[in-house]
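Examining the three-dimensional arrangement
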Amino acid sequence: MPAVDTVKQVDRTSDGAIIKTTIPRAGVVLAQTPQGFRYDILKKAFDEATADGFVGTDEASLIERSGLAVVVVMGSAKNIKITTPADMELAEFYLKSSG
């Protein structure tokens, strides 16, 4: 998804997060799941990460680490990640309104 919020890079200190720079939104996208890859490529990326003790944040990070290009496709604002009770309420709203 295109980034609509202002994105800041920070340095974490004992006093809190200090803004280092503002990252231009034009060069930033927000990744969603699920992500799709050919099985053989994904399996190889997982095997390499496991062998090295690398823990990625998503499947795309493992593919990137393998040196392969990851193509971005448009997502949907309704494809939300359910992490908090508020996320669940929003998901239930979407389900009811899609009727």
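Up top is the structure.
As a starting point, this report considers the structure included with it. (Residues numbered from 1 in each chain as written. Predicted model: local features only at pLDDT ≥ 70, side-chain atom pairs only at ≥ 80, totals over all residues. Heavy atoms only, no water.)

**Some remarks on the overall build of the protein chain**
Helices and strands together make up the secondary structure of the protein chain, namely three helices and two strands. Secondary structure elements of the protein chain, listed N to C terminal, follow the sequence β-β-α-α-α. Taken against the 2.2 N^0.38 rule, which gives 13 Å for 99 residues, the C-alpha radius of gyration of the protein chain at 17 Å runs more than 25% over that of a compact globule. The C-alpha extent of the protein chain, read off along each of the three principal axes, is 45 × 45 × 25 Å. The buried share of the protein chain, reckoned over its 99 residues, is 11%. By sequence separation, contacts in the protein chain at least 24 residues apart represent 29% of the contacts at least 6 residues apart. (Helix = DSSP H or I, 4+ residues; strand = E, 2+ residues; numbered from the N terminus. Rg over C-alpha atoms; globule rule 2.2 N^0.38 Å. Buried < 20%, exposed > 50% of the residue type's maximum accessible area, 1.4 Å probe, protein only. Contact = heavy atoms within 4.5 Å.)

**Focus: the nonpolar core**
The nonpolar side chains of soluble globular proteins are, as a tendency, buried together. Leu 42, Ala 45, Ala 49, Leu 62 and Ile 63 form the largest nonpolar core, which has five residues in total. Those elements that place two or more of their residues in this core are helix H1 (39–52) and helix H2 (59–65). No other element matches H1, which puts three residues into this core. Once you skip the residues sitting within four places of it in the chain, Ala 45 turns out to touch Leu 62, Ile 63 and Ser 66. (Core = buried A, V, L, I, M, F, W, Y, C linked by side-chain atoms within 4.5 Å.)

**Digging into the packing of aromatic side chains**
Scanning the entire structure with this criterion turns up one aromatic pair. Plain terms: the ring middles of Phe 93 and Tyr 94 are 6.1 Å apart, the flat faces sit at 50 degrees to each other, and that makes the pair tilted. The exposure class of Phe 93 is exposed, given its relative accessible area of 52%. (Phe/Tyr/Trp six-rings, centres within 6.5 Å; stacked < 30°, edge-to-face > 60°.)

**Remarks on the environment of Ala 26**
Along the polypeptide, Ala 26 turns up in the loop between strand E2 (16–23) and H1. Classification of Ala 26 by relative accessible area gives exposed; the value is 84%. Counting along the chain gives 23 residues from Ala 26 to Ala 3, while the straight-line C-alpha distance between them is 7.9 Å.

**Concerning unusual backbone geometry**
Each neighbour pair has its own omega, and for Thr 33 with Pro 34 the value is 5 degrees, a cis peptide bond. Mapped onto the secondary structure, Pro 34 falls in the loop between E2 and H1.

**Quick look at H1**
The end-to-end C-alpha distance of H1, which contains 14 residues, comes to 20 Å, matching closely the 20 Å that a straight helix rising 1.5 Å per residue would cover. The complete set of buried residues in H1 reads Leu 42, Ala 45 and Ala 49. With its buried residues spanning 65 degrees around the axis, H1 presents them on a single face. Turned more than 90 degrees away from the buried face of H1 sit Tyr 39, Thr 50 and Ala 51, all of them exposed. Those residues of H1 that are buried lie in contact with H2. Positioned one or two residues after H1, Gly 53 has a phi angle of 70 degrees, which is positive. (Expected span 1.5 Å × (residues − 1). Arc of directions from axis to C-beta.)

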